[in-house]
Amino acid sequence: MAIVPMRLLLDHAAENGYGIPAYNVNNMEQIQSIMQAADEADSPVILQASRGARKYAGENFLRHLILAAVETYPHLPIAMHQDHGNSPSTCYGAMRHGFTSVMMDGSLEADAKTPASFEYNVNVTAEVVKVAHSIGVSVEGELGCLGSLETGMGDKEDGHGAEGKLTEDQLLTDPDEAVEFVERTQVDALAVAIGTSHGAYKFTRKPTGEILAISRIEEIHRRLPNTHLVMHGSSSVPEDLIAIINQYGGNIPETYGVPVEEIQKGIKSGVRKVNIDTDNRLAITAAIREAAAKDPSNFDPRHFLKPSIKYMKQVCLDRYQQFGTAGNASKIKVHTLDEFATKYASGELAATTKTAVSV
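Residues numbered from 1 in each chain as written. Predicted model: local features only at pLDDT ≥ 70, side-chain atom pairs only at ≥ 80, totals over all residues. Heavy atoms only, no water.

A. Examining the overall build of the chain more closely. Within the chain, the secondary structure is distributed over 14 helices and eight strands. Taking as baseline every contact in the chain between residues at least 6 positions apart, the subset at least 24 positions apart corresponds to 77%. For the chain, the accessible area works out to roughly 14,700 Å², and carbon and sulfur atoms hold 51% of it. (Helix = DSSP H or I, 4+ residues; strand = E, 2+ residues; numbered from the N terminus. Contact = heavy atoms within 4.5 Å. Areas by Shrake-Rupley, 256 points an atom, 1.4 Å probe, with all protein chains shown as cover.)

Next up, the structure:
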């Protein structure tokens, strides 16, 4: 197949009732892990890079690593997504480097730390949508700020995240505003705030409805039945990986992530893209610590990195199966960016916000 617009994958997921994990990537080993899992599971792939990843790996290195994945696995459809773009210029830079999808995160101002007004968010997101759709690129927007309902604090990852105390209104996406936002911006996907956050330290206890508002997803889906929803900060923080890390010298305190069964509830209520990064970081760290401790005289980087691919691959494979993604790659008919640009221009892909009829 080829590198494709993310909208193509999300549409197929919606039509067939499954979700797609979107994995953050920074280096070759991470991409190999994801692609090996996707190949084994026959799954469509979303590879996403933050601004921090683009800076760390270098624009050209990152692009060519993803192109290598496309060449190595020509039978798998792959979307290349910019995660948490802080400004239109960041999104335009991603498009110039071959990204087929971008996230304009206007929930924060361009400094990536100050909560923005609704009007600011609408304006910058609509601006990016206009440019992106003209060349067939998909756009994800965000309404509400990622942060903890337990503490009321925002979170920060790769230099992006709200600072300081947030109100509950900021931490939970308003369904009425969501409808207006989609109507005015015409985004392809909407990331919603439900109490999840980046990193490993999401919850101090197993999350319940008061600190993980899956019901808010259900409410938004009732209002926007045709909109692809996105869950950010959705790593499950596996206890077995933390145990390995701590066994071999790590010091990660007790913490809880988003349970897989809660994500599955979200998928039943319109979530089509599920962002996962921390689980893969934990898998890599567990493998490296274990390999280093078991053979302390070894200084070959491949000794540590080969098991990291194995551990991360298993996490990715589990999520492909748990989210219903497995078995769908071969069912997707490829469409190019040019074809999608034509569809956008004709109005065929216009966002429909008709409220579902209550029964």
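There's plenty left to go through after this.
B. Quick peek at the packing of helix H8 (residues 175-185) against helix H9 (residues 214-223). At a minimum axis separation of 9 Å, H8 and H9 run at an interaxial angle of 45°. In terms of orientation, H8 lies oblique with respect to H9. For the pair H8 and H9, the sense of crossing is right-handed. When H8 is examined against H9, the residues Pro 175, Asp 176, Ala 178 and Val 179 are found in contact with a partner set consisting of Arg 216, Glu 219, Ile 220 and Arg 223. For the contact of H8 with H9, a count of residues per class yields four nonpolar, no polar and four charged. (Axes fitted to C-alpha atoms, helices over the stretch in contact; angles between N-to-C directions. Parallel < 35°, antiparallel > 145°, perpendicular 65-115°, else oblique. Left-handed = near helix turned anticlockwise from the far one by under 90°. Nonpolar A, V, L, I, M, F, W, Y, C, P; charged D, E, K, R; others polar.)

C. Quick peek at a negative patch on the surface. On the surface, Glu 168, Asp 169, Asp 174 and Glu 177 cluster together into a negatively charged patch. Within the fold, Asp 174 resides in the loop between helix H7 (168-171) and H8. (Patch = residues over 30% accessible without salt bridge, like charges linked within 9 Å, V, L, I, M, F, W, Y side chains within 5 Å. Salt bridge = Lys/Arg side-chain N within 4 Å of Asp/Glu carboxyl O. Lys, Arg positive; Asp, Glu negative; His and termini not counted. Charge placed at Lys NZ, Arg CZ, Asp CG, Glu CD.)

D. Structural view of the nonpolar core. Grouped together as the largest cluster of nonpolar side chains are 83 residues, with contacts concentrated most on Ile 34, Met 35, Leu 47, Leu 190 and Tyr 320. Ignoring any residue separated from it by four or fewer positions in sequence, one finds Leu 190 in contact with Gly 141, Glu 142, Leu 143, Ala 178, Phe 181, Val 182, Leu 224, Thr 227, His 228, Leu 229 and Val 230. Formed by 19 residues, the second largest nonpolar core is a distinct cluster that contains Leu 8, Ala 13, Ala 22 and Phe 340. (Core = buried A, V, L, I, M, F, W, Y, C linked by side-chain atoms within 4.5 Å. Buried < 20%, exposed > 50% of the residue type's maximum accessible area, 1.4 Å probe, protein only.)

E. Quick look at unusual backbone geometry. Positive phi values are uncommon outside glycine, yet Gln 186 reaches one of about 65°. In this fold, Gln 186 is placed in the loop between H8 and strand E6 (189-192).

F. A look at the pairing of strand E3 (residues 78-85). Counting buried positions along E3 gives eight out of eight residues, so the element sits mostly inside the fold. As paired strands, strand E2 (residues 45-49) and E3 are joined by five bridges and run parallel to one another. The partner of Leu 47 across the bridge, within E3, is Met 80. (Pairing = 2+ DSSP bridges.)

G. Molecular detail of the pattern of salt bridges. By the definition in use, this model includes 15 salt bridges. The salt bridge involving Lys 313 is made with Glu 40; its shortest N-O contact spans 2.9 Å. With a gap of 273 residues between them, Lys 313 in helix H13 (residues 301-322) and Glu 40 in helix H2 (residues 28-41) connect regions that are remote in the sequence. In this structure, Glu 140 and Lys 273 form a salt bridge, with 2.8 Å as the shortest nitrogen-oxygen distance. Taken as a pair, Glu 140 in strand E5 (residues 138-143) and Lys 273 in strand E8 (residues 271-276) lie far apart in primary sequence, 133 residues in all. A single salt-bridge network, built from bridges that share partners, covers Arg 7, Asp 11 and Asp 188.

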